[in-house]
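Report on the structure
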4 protein chains.
Amino acid sequence: MAEKQTPTHIEVRYAETDQMGIVHHSVYAVWFEQARTQFFRENGADYAEMEREGYGCPVLELGVQYKGPTHYGEFVDIETSATRVDKLRFRVDYKLTVNGKLCTTGFTVHCLMKDGRPTREMPEKFLKLFNETV
Amino acid sequence: MAEKQTPTHIEVRYAETDQMGIVHHSVYAVWFEQARTQFFRENGADYAEMEREGYGCPVLELGVQYKGPTHYGEFVDIETSATRVDKLRFRVDYKLTVNGKLCTTGFTVHCLMKDGRPTREMPEKFLKLFNETV
Amino acid sequence: MAEKQTPTHIEVRYAETDQMGIVHHSVYAVWFEQARTQFFRENGADYAEMEREGYGCPVLELGVQYKGPTHYGEFVDIETSATRVDKLRFRVDYKLTVNGKLCTTGFTVHCLMKDGRPTREMPEKFLKLFNETV
Amino acid sequence: MAEKQTPTHIEVRYAETDQMGIVHHSVYAVWFEQARTQFFRENGADYAEMEREGYGCPVLELGVQYKGPTHYGEFVDIETSATRVDKLRFRVDYKLTVNGKLCTTGFTVHCLMKDGRPTREMPEKFLKLFNETV
């Protein structure tokens with residue numbers, strides 16, 4: 001079971017808004033990735049280090065449900081959790097709130113690559129991410 | 001029935017790559033939007049003009065399936081089509097190819113807003129977008 | 001004299017890297033803006049609030065000197081200071097370090113707009129930003 | 001003497017605007033890079049190919065003068081030219097217009113890298129870029 005439940009805290013950047021006066025919908029995937037990085041790191045899997053060891057986690061699928069806008073001047077909190085889909089793929093879920101109010105949910109599906117190929121052999125530290133009894 | 005089938009032709013930008021050496025997954029939503037703009041325009045609904053008239057089409061949902069990477073130096077083609085989901089919502093689908101090879105598919109779900117509120121009354125020119133007999 | 005000297009602390013995002021394996025040079029302007037927002041806020045001038053009051057600070061000029069790269073996995077610190085150029089324009093300077101090592105310097109030049117027009121009448125709270133005896 | 005004078009033609013993307021209703025100032029560096037890529041390519045130096053050959057052109061300096069805004073719905077044209085600064089560095093200049101009206105000027109300074117180190121030995125095809133009698 002992943003232990004980390006500290007939300008990722010992100011300040012909305014002016015550059016992230018569009019002329020509708022809200023954060024552009026493409027930005028959430030970038031925020032999710034920052035949350036994923038922190039979630040990995042706090043569970044012992046530093047992604048920058050993993051890349052140096054030859055691992056990679058390409059995104060196979062992305063889904064975002066926009067329930068309400070976010071604005072410049074706000075701070076968003078993202079809760080992250082991960083589950084395994086099958087031997088090769090895992091899914092990360094994101095719940096984004098502003099001042100406790102739910103704004104957006106989303107998910108990404110990944111596989112684990114080692115030296116350029118999908119691998120079923122996840123390193124021990126990586127397995128800790130998933131919400132399951134190992 | 002939407003008449004427009006001209007694919008949107010986009011040159012991959014260096015800034016759109018990441019250190020994995022491929023286009024970052026968040027970029028596709030931006031490309032989809034450029035394809036949507038062209039699709040709207042070629043079917044008679046100029047979105048910049050629509051905004052000046054008080055309309056807006058916020059994104060309610062985004063889905064992307066990454067089937068293969070794209071790279072700097074490549075040009076991507078995006079085919080766009082639209083369908084109505086219900087009285088309030090419509091969906092736009094995107095099919096992205098590089099040299100005829102399918103790379104990515106995706107969709108966005110929108111509602112139509114008029115003066116800040118969802119509306120069921122779509123302007124005549126807007127109805128032409130949808131793949132249906134009106 | 002501006003009192004704020006707390007550096008802005010920013011985590012490098014994966015999406016901010018390019019295929020050279022370093023942060024793309026266009027990203028620094030976005031980071032500078034986040035530093036500027038914090039600098040303004042800590043000196044009593046909340047920019048989101050200023051916009052609601054009818055003010056704006058468009059960027060008239062940008063300069064960046066890249067002295068060394070930054071990478072995913074690193075945290076950058078930005079020191080910000082501001083000076084007046086003349087009655088209409090002011091300049092903000094940025095010094096970016098990683099672990100105390102200087103990476104990049106830059107500046108932006110702005111004017112202050114009120115209700116869509118350049119103004120010489122800066123609000124009291126805004127004057128506190130500048131490194132000068134008022 | 002560089003022969004290419006075809007301007008780079010770019011459609012403004014919705015995602016490139018900010019809540020001021022204009023294109024965000026950080027976007028111009030991305031557009032400049034797209035113009036630089038085309039300028040290189042039309043003069044015989046394909047940058048994607050150059051990277052595969054071990055070359056790189058990191059940005060050492062960036063300067064942008066914003067003379068007027070650009071908007072969603074507009075198309076921008078960028079004229080590009082290059083000059084050598086000294087044995088190691090070269091400068092690329094950009095002139096951005098919308099419908100013939102000057103909006104923004106800018107420049108980037110680069111060095112040429114070969115296999116990770118600055119080099120004075122520019123390949124023949126690269127020398128054609130510069131506005132000089134070689």
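Below, the structure is looked at part by part. (Residues numbered from 1 in each chain as written. Chains lettered and ligands numbered in written order. Predicted model: local features only at pLDDT ≥ 70, side-chain atom pairs only at ≥ 80, totals over all residues. Heavy atoms only, no water.)

1. As for the nonpolar core
One finds A:Phe126, B:Phe126, C:Phe126 and D:Phe126 to be the most contacted residues of the largest nonpolar core, which totals 152 residues. Beyond its immediate stretch of four places on either side in the chain, A:Phe126 contacts A:Phe40, A:Ala45, A:Met50, A:Cys57, A:Phe90 and A:Leu112. (Core = buried A, V, L, I, M, F, W, Y, C linked by side-chain atoms within 4.5 Å. Buried < 20%, exposed > 50% of the residue type's maximum accessible area, 1.4 Å probe, protein only. Contact = heavy atoms within 4.5 Å.)

2. A few points about the relation of the copies chain A and chain B
Structural alignment of chain A on chain B gives an RMSD of 0.0 Å, achieved by rotating through 180 degrees and translating 0.0 Å along the axis. The operation mapping one copy onto its partner corresponds to a two-fold rotation axis. Residue A:Gly63, judged by its C-alpha, is the member of chain A lying nearest the rotation axis, at 2.2 Å. In this assembly, 100% of the residues forming the interface of chain A have copies in chain B that are likewise at the interface, indicating an isologous arrangement. (Least-squares fit on C-alpha atoms with pLDDT ≥ 70 in both.)

3. Comments concerning the side chain of A:Thr119
All names here are of chain A. Among the secondary structure elements, Thr119 is positioned in the loop between strand E8 (117-118) and helix H3 (124-127). Residue Thr119 is classed as buried on the basis of its relative accessible area, which comes to 14%. What Thr119 contacts, discounting residues up to four positions off in sequence, is Leu88, Leu112, Met113 and Lys114. (Helix = DSSP H or I, 4+ residues; strand = E, 2+ residues; numbered from the N terminus.)

4. Quick word on helix H1 (residues 27-42) of chain C
Residues and elements named next belong to chain C. The terminal C-alpha atoms of H1 lie 23 Å apart, and with 16 residues this matches the ideal 22 Å at 1.5 Å per residue to within 8%. Among the 16 residues of H1, 14 are classified as buried, and the element is accordingly described as predominantly covered. One or two residues past the end of H1 sits Gly44, with phi positive at roughly 95 degrees. (Expected span 1.5 Å × (residues − 1).)

5. A short note on the state of the cysteines
In the structure shown here, the tally under the stated rule is zero disulfides over all chains. Not part of a disulfide, B:Cys103 finds its nearest cysteine sulfur in A:Cys111, a span of 16 Å. Accessibility expressed as a relative area gives 5% for B:Cys103, which makes it buried. (Disulfide = S-S within 2.5 Å.)

6. Observations concerning the pattern of salt bridges
A full pass over the atoms with the stated rule returns 32 salt bridges over all chains. The residue A:Asp115 makes a salt bridge to A:Lys114 at a minimum N-O spacing of 3.3 Å. A residue is classified by how much of its surface remains accessible, and A:Asp115, at 59% relative accessible area, is exposed. As a salt-bridge pair, C:Arg89 and C:Asp86 come within 2.8 Å of each other at their nearest N and O atoms. Three or more residues joined by partner-sharing salt bridges are found here, namely A:Glu49, A:Glu53 and A:Lys125. (Salt bridge = Lys/Arg side-chain N within 4 Å of Asp/Glu carboxyl O.)

7. Topic: the interface of chain D and chain C
The interface is formed by 21 residues belonging to chain D together with 21 residues belonging to chain C. Roughly 1,700 Å² is buried in total at the junction of chain D and chain C, and carbon and sulfur atoms are behind 56% of that figure. Where chain D meets chain C, there are zero salt bridges. Linking chain D with chain C are eight residue pairs in polar contact (both at pLDDT 80 or more). Elements with a contribution of two residues or more to the side of chain D that touches chain C: helix H1 (27-42), helix H2 (47-52) and strand E3 (59-66) of chain D. With eight residues, E3(D) is the largest single contributor of residues to the side of chain D that touches chain C. Residues of the side of chain D that touches chain C, tallied by class, amount to 11 nonpolar, six polar and four charged. Pairing analysis gives five bridges linking strand E3 (residues 59-66) of chain C to E3(D), with the strands arranged antiparallel. By the bridge assignment, C:Leu62 is partnered in E3(D) with D:Val64. (Buried area = accessible area lost by both parts, 1.4 Å probe. Polar contact = N/O pair within 3.5 Å; in protein donor to acceptor, adjacent residues only side chain to side chain. Nonpolar A, V, L, I, M, F, W, Y, C, P; charged D, E, K, R; others polar. Pairing = 2+ DSSP bridges.)

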